[in-house]
Amino acid sequence: MISANLSAIFYLISGILFILALRGLSSPETSRQGNLFGILGMIIAITVTFLTVGNFSTSTIYVFIFLLIGGAIGAFIAFKIPMTAMPELVAGFHSLVGLAAVFVAISAFKNPEAFNLGIPGDIKLASLIEMSIGAAVGAITFSGSIIAFLKLRGIMSGSPITFPGQHIVNLLIGISIFVLIYFLCSSQSESFFWSMIAISFLIGVLLIIPIGGADMPVVISMLNSYSGWAAAGIGFTLENTALIITGALVGSSGAILSYIMCKGMNRSFFSVILGGFGGDASVSKDKKKDQKPVKSGNAEDAAFLLKNASSVIIVPGYGMAVAQAQHALREMVDTLKKNDIKVSYAVHPVAGRMPGHMNVLLAEANVPYDEVFELDDINNDFANTDVAFVIGANDVTNPVAKTDPQSPIFGMPVLDVEKCKSVLFVKRSLSPGYAGVDNELFYRENTMMLFADAKKMTEDIVKNI
Amino acid sequence: MEIDPFIFRFSIFILAIFVGYYVVWSVTPSLHTPLMSVTNAISSVIIVGAIIAALAGSSENIFETSNIFGFLAIVLAAVNIFGGFLVTQRMLQMYKKKKKNK
């Protein structure tokens, strides 16, 4: 058994190690070391907790058993999961943090003596507020992440679910959570506690169902942030520095990522939250589409164009992830490089379904990270490039965002692929992207559409080069 | 007048938000996915609360309601800790500098 002061120092150390873990991610070179700091911080926190509680009994054995069960499940998932499924995995993990926060809050409410918070029926007011906030945010994180998981996994349709009066209903439910917390604090009654948690679960679902597939990167980042605030709320209840620091770190991290994602789509955070974007209603230019001629080609034509180019920029998107085309793509690029063609990759901030999704997939296919560029770093190079190879991306290349103020995606930063001498577009059909906007690029003189599955087409091109 | 200990914890909280703000802005965009998975893993430090809850109470009755919720929270958090750190490590391994032999 170690003193409370000593354990507080150790919790502070593990909090600092967590900061270093995030700090390590500033470059790929230091990132692995950063992850080790994170693991070390976690080991310290867990060990110190055991030593502080100090009473080693049968329950300790059970704690280890449950720890190992969870750990084995986690390790199994971590090794089995394909990189393309990373968004679902992260959403799933968020839901677990949220639910764990709810469970810890319930334990603290049922047995406040264990946490020095008072006795049942007479819990300290501040602690009660803190644990209610932790439980409410945790519950919202849990049910919201479950919905996000189902949407990303494709079990639930990615299109927004809206109903009249939705925002009013959400607002009222949101207010009712605060009202319930107020009554809970004045009466200490258990039924208010349970109803508050139940309503928080409900609002989590209602908040995420109206948000469409294209906005998923924002949703994941936002839930990441929520899971942090839930942890911080519990940290205040338990008076634990490691949890407070971590909660604040994770909370601000998720908030920054949401901001970056919103900026990548030129949408305000509130319009994303209010949802309804990316439905079928916004497809407006159907008539024009039918009349415009489209130049389509096959793998041979594409191979010819690529072979005769001196520089190529690859623009990957979600379609590449779906088709698992990253390895085939890398093979194609290797072949091009053998012919002394300069190849680089351009990644839009919101390409894919989560922040940095494309980078991970390219890294998985052994693409060196110094060949992969962000929007701002590469956008000027398109004008001096022979071929842009767009694979599975759509909205992020649409020039309409620069020209048509009527368009829902107007003002969104896009990759200037149309400035290349020619554009190759690998896509299964002419259907509009997730934003529901027709891509003007399809009908340009210098565009050649390659209608096929991204992986198959890429493989065919390799054969023809 | 004594300062409520809550204020000290609140100060730590606010300062940590600022630290988080500056640290996360310095994360390179290509590592945003590992950032999310590692923040996931570290926020599972909530397991300390779960362990305290699970170990609380008398040794005769180790499965009171509050203990059961503690044990459940341990399983959830452990999935996240192991899963989160390992999957982050797996991703970061891919970002190793490749030898250019072509």
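Let me sum up the structure you'll find in this document. (Residues numbered from 1 in each chain as written. Chains lettered and ligands numbered in written order. Predicted model: local features only at pLDDT ≥ 70, side-chain atom pairs only at ≥ 80, totals over all residues. Heavy atoms only, no water.)

Here we come to empty space enclosed by the protein. According to the stated counting rule, one finds one cavity of 30 Å³ or more in the structure shown. Looking at the largest cavity, its volume works out to about 40 Å³. N359, L362, A363, V367, Y369 and V372 of chain A together with S30 and Y95 of chain B are the residues that line the largest cavity. For the lining of the largest cavity, the leading source of residues is helix 15 (residues 357–364) of chain A, giving three residues. (1 Å grid on protein atoms, 1.4 Å probe; cavity = no way out; pocket = protein on both sides within 12 Å on 5 of 7 lines; lining within 4 Å. Points joined across faces, edges and corners; volume = space filled by probe spheres on them. Helix = DSSP H or I, 4+ residues; strand = E, 2+ residues; numbered from the N terminus.)

All names here are of chain B. An ideal rise of 1.5 Å per residue puts 16 Å on 12 residues; helix 2 (residues 32–43) measures up with 16 Å between its terminal C-alpha atoms. Most of helix 2 sits inside the fold, with 12 of its 12 residues counted as buried. Among all positions of helix 2, only H32, T33, P34, L35, M36, S37, V38, T39, N40, A41, I42 and S43 are buried. (Expected span 1.5 Å × (residues − 1). Buried < 20%, exposed > 50% of the residue type's maximum accessible area, 1.4 Å probe, protein only.)

Another point: helix 1 (residues 5–25) of chain B. Residues and elements named next belong to chain B. Across its 21 residues, helix 1 extends 31 Å between first and last C-alpha, which sits within 8% of the 30 Å expected from 1.5 Å per residue. Three or more residues of helix 1 are buried, namely R9, F13, A16, G20, V23 and V24. Taken end-on, helix 1 shows its buried residues confined to a sector of 95°, consistent with a single buried face. Structural note: helix 1 exposes F8, L15 and Y22 on the side pointing more than 90 degrees away from its buried face. Near the N-terminus of helix 1, the side chain that reaches the backbone nitrogen of F6, with its oxygen 2.8 Å away, is that of D4. (Arc of directions from axis to C-beta. Polar contact = N/O pair within 3.5 Å; in protein donor to acceptor, adjacent residues only side chain to side chain.)

Residue and element names in this part refer to chain A. Of note, K151 is situated in helix 5 (residues 125–153). Despite its burial, K151 pairs with no opposite charge; the closest candidate is D215, at 9.2 Å N-O. Of the polar contacts made by the side chain of K151, one reaches the backbone oxygen of I209; its length is 2.9 Å. Sequence-distant contacts of K151, defined by excluding residues within four places in its chain, comprise M156, S157, G158, S159, P160, I208, I209, I211 and M216. (Lys, Arg positive; Asp, Glu negative; His and termini not counted. Salt bridge = Lys/Arg side-chain N within 4 Å of Asp/Glu carboxyl O. Contact = heavy atoms within 4.5 Å.)

Let's shift gears to the interface of chain B and chain A. Of the residues lining the interface, 80 residues belong to chain B; the matching set on chain A comes to 105 residues. For the pair chain B and chain A, the summed buried area comes to about 8,500 Å², and 79% of that belongs to carbon and sulfur atoms. Summed over the three residues of chain B that lose the most area to chain A, namely M36, I46 and L55 of chain B, the buried surface amounts to 9% of that side. For the pair chain B and chain A, the interface holds one salt bridge. A salt bridge links E239 of chain A to R9 of chain B, with the nearest nitrogen and oxygen atoms 3.4 Å apart. In this assembly, chain B and chain A are joined by 20 residue pairs in polar contact (both at pLDDT 80 or more). Put simply, the parts of the chain that give the side of chain B that touches chain A at least two residues each are helix 1, helix 2, helix 3 (47–55) and helix 4 (65–94) of chain B. It is helix 4 of chain B that provides the largest number of residues to the side of chain B that touches chain A, a total of 27 residues. (Buried area = accessible area lost by both parts, 1.4 Å probe.)

Okay, a nonpolar patch on the surface next. On the surface, I61, Y62, I65, I69 and I73 of chain A together with F63, I68 and L72 of chain B cluster together into a nonpolar patch covering about 660 Å² of accessible area. For the nonpolar patch, the secondary-structure elements that each account for two or more residues are helix 3 (58–80) of chain A together with helix 4 of chain B. Of all the elements, helix 3 of chain A adds the most residues to the nonpolar patch, at five residues. Here I61 of chain A lies in helix 3. (Patch = residues over 30% accessible without salt bridge, like charges linked within 9 Å, V, L, I, M, F, W, Y side chains within 5 Å. Areas by Shrake-Rupley, 256 points an atom, 1.4 Å probe, with all protein chains shown as cover.)

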